[in-house]
Amino acid sequence: MSDGEERACEGPDSMYVKLISSDDHEFIVKREHALVSGTIKAMLSGPGQIAENETNEIKFREIPSQVLSKVCEYFTYKAQHTNSSTEVPDFPVSPEITLELIIAANFLDC
Amino acid sequence: MDVFLMIRRHKTTIFTDAKESTTVYELKRIVEGILKRSPEDQRLYKDDQLLEDSKTLGDCGFTNQTARPQAPATVGLAFRVNDEMFEQLHVEAFSSPPELPDVMKPQDSGSTANEQAVQ
């Protein structure tokens, strides 16, 4: 069995970070995707030992799971299409979550 | 081709991507790296259909068209409870969005409401 497929090495989710919504849903995304958000990037790589830095977990008390899942989809979407020359498809957003998504995007700086 | 997946169990969702040629077993290894459960202790489902380790994601119906980054496909995950049994597949639904405020609801009667919002 080759070890080439192993991803997370040190730390619990070192290649992945866990984002927790207000209703305790846990979203695990690749660390490089989460860094699309300026706020998350600052939380994870800021100076000093912030708690999030140690456990790679961030709890968002105001963002519900509907919205946080959309945010995670956006991270993947952006990472996929940045530096891509293929035609970029639309990012679908249903009207009900638009308001909360804007608030979350503003907070997350992405 | 890349396929984009949400692997979901109870209240946990893992966003990851893989190739159409990735096998179900390799996907379980990825889950192992994150959730620390060995592949033998995992079952992956597409809707309610149990997925076999040797099949590729493309074989199971995950393609570049059905599993896009902005609309990833959902894979269910269940863990082994003991030597005999696996837990039931159970995924917590996301929170329901709040009721739309009236101004945002689609208007049948034309654009008067929209004009007010713009001002």
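Here the structure is a predicted model, which is why all the values come from computation and not from measurement.

Student: How do you make sense of the environment of I14 of chain B when you look at a structure like this?
Tutor: In this fold, I14 of chain B is placed in strand β2 (residues 12-19). The spatial distance from the C-alpha of I14 of chain B to the C-alpha of I34 of chain B is 8.7 Å, given a sequence separation of 20 residues. Residues in contact with I14 of chain B, not counting those within four places in the same chain, are I28 of chain A together with L5, M6, I7, I34 and L35 of chain B.

Student: What exactly am I supposed to notice about the pattern of salt bridges here?
Tutor: It is possible for side chains bearing opposite charge to pair when their charged atoms get close. For the structure shown, the criterion picks out 11 salt bridges over all chains. Here K30 of chain A ties to D17 of chain B by a salt bridge, and the two come within 3.0 Å at their closest N and O atoms. Pair noted here: K30 of chain A is in strand β2 (residues 26-30) and D17 of chain B is in strand β2, and the two residues belong to different chains. Exposure remark for K30 of chain A: the relative accessible area of 10% places this residue in the buried category. Take D17 of chain B: its relative accessible area is 18%, and that puts it in the buried class.

Student: Before we go on, may I ask you to explain the packing of helix α4 (residues 65-81) of chain A against helix α5 (residues 95-108) of chain A in this structure?
Tutor: The relative placement of two packed helices is expressed as an angle between their axes plus a distance between the axes. Residues and elements named next belong to chain A. Two elements in contact, α4 and α5, have axes whose closest approach is 9 Å; the angle formed by their N-to-C orientations is 60°. When the axis of α4 is compared with that of α5, the two are oblique. Judged by the twist between their axes, the crossing of α4 over α5 is right-handed. Here Q66, V67, K70 and V71 of α4 come into contact with α5, specifically with I97, E100, L101, A104 and L108. In terms of residue class, the contact of α4 with α5 is built from 6 nonpolar, 1 polar and 2 charged.

Student: Please clarify how the packing of aromatic side chains should be interpreted in this entry.
Tutor: Aromatic ring pairs are defined here through the distance separating the ring centres and the angle between the ring planes. Here the structure, examined in full by the defined rule, presents 6 aromatic pairs over all chains. Each ring, one from F27 of chain A and one from F15 of chain B, has its centre 6.3 Å from the other, and the planes form 35°; the classification is tilted. Here the residue F27 of chain A occupies a position in strand β2, and F15 of chain B occupies one in strand β2, the pair thus bridging two chains. F27 of chain A gets classed as buried once you look at its relative accessible area, which sits at 0%. You can call F15 of chain B buried: its relative accessible area is 5%. Geometrically, the ring pair formed by F60 of chain A and F107 of chain A is edge-to-face, given 6.2 Å between the ring centres and 90° between the ring planes. You can see F60 of chain A sitting in the loop between β3 (57-59) and α4 and its partner F107 of chain A sitting in helix α5, a full 47 residues away along the chain. On the accessibility criterion, F60 of chain A (3% relative accessible area) is buried.

Student: It is not clear to me how the UniProt feature "domain: Ubiquitin-like" (unreviewed entry) in chain B should be interpreted in this structure. Could you clarify?
Tutor: Sites flagged by UniProt as "domain: Ubiquitin-like" (unreviewed entry) map to residues 1-66 of chain B. Here residues 1-66 of chain B is 18% helix and 35% strand, with 12 Å between the C-alpha atoms at its ends.

Student: Looking at this structure, I do not really get the interface of chain B and chain A. What am I missing?
Tutor: Accessible area lost during the coming together of the parts is what is often quoted as the interface size. Chain B puts 31 residues into the contact, and the matching count from chain A is 35 residues. Area buried by chain B at its contact with chain A is led by K11, F15 and Q70 of chain B, which between them contribute 26% of it. Taken together, the links from chain B to chain A amount to 1 salt bridge. The tally of links from chain B across to chain A stands at 11 residue pairs in polar contact (both at pLDDT 80 or more). Sorting the residues of the side of chain B that touches chain A by element identifies β1 (2-9), β2 and α1 (24-35) of chain B as the ones contributing at least two each. With 6 residues, the single largest contributor to the side of chain B that touches chain A is β2 of chain B. Across the side of chain B that touches chain A, the residue classes tally to 17 nonpolar, 8 polar and 6 charged. With 3 bridges connecting them, β2 of chain A and β2 of chain B associate as parallel partners. Bridge assignment links E26 of chain A to a residue of β2 of chain B, and that residue is T12 of chain B.

Rules and cut-offs
- Residues numbered from 1 in each chain as written.
- Chains lettered and ligands numbered in written order.
- Predicted model: local features only at pLDDT ≥ 70, side-chain atom pairs only at ≥ 80, totals over all residues.
- Heavy atoms only, no water.
- Helix = DSSP H or I, 4+ residues; strand = E, 2+ residues; numbered from the N terminus.
- Contact = heavy atoms within 4.5 Å.
- Salt bridge = Lys/Arg side-chain N within 4 Å of Asp/Glu carboxyl O.
- Buried < 20%, exposed > 50% of the residue type's maximum accessible area, 1.4 Å probe, protein only.
- Axes fitted to C-alpha atoms, helices over the stretch in contact; angles between N-to-C directions.
- Parallel < 35°, antiparallel > 145°, perpendicular 65-115°, else oblique.
- Left-handed = near helix turned anticlockwise from the far one by under 90°.
- Nonpolar A, V, L, I, M, F, W, Y, C, P; charged D, E, K, R; others polar.
- Phe/Tyr/Trp six-rings, centres within 6.5 Å; stacked < 30°, edge-to-face > 60°.
- UniProt positions renumbered as here; feature names shortened; annotations may be inferred.
- Buried area = accessible area lost by both parts, 1.4 Å probe.
- Polar contact = N/O pair within 3.5 Å; in protein donor to acceptor, adjacent residues only side chain to side chain.
- Pairing = 2+ DSSP bridges.

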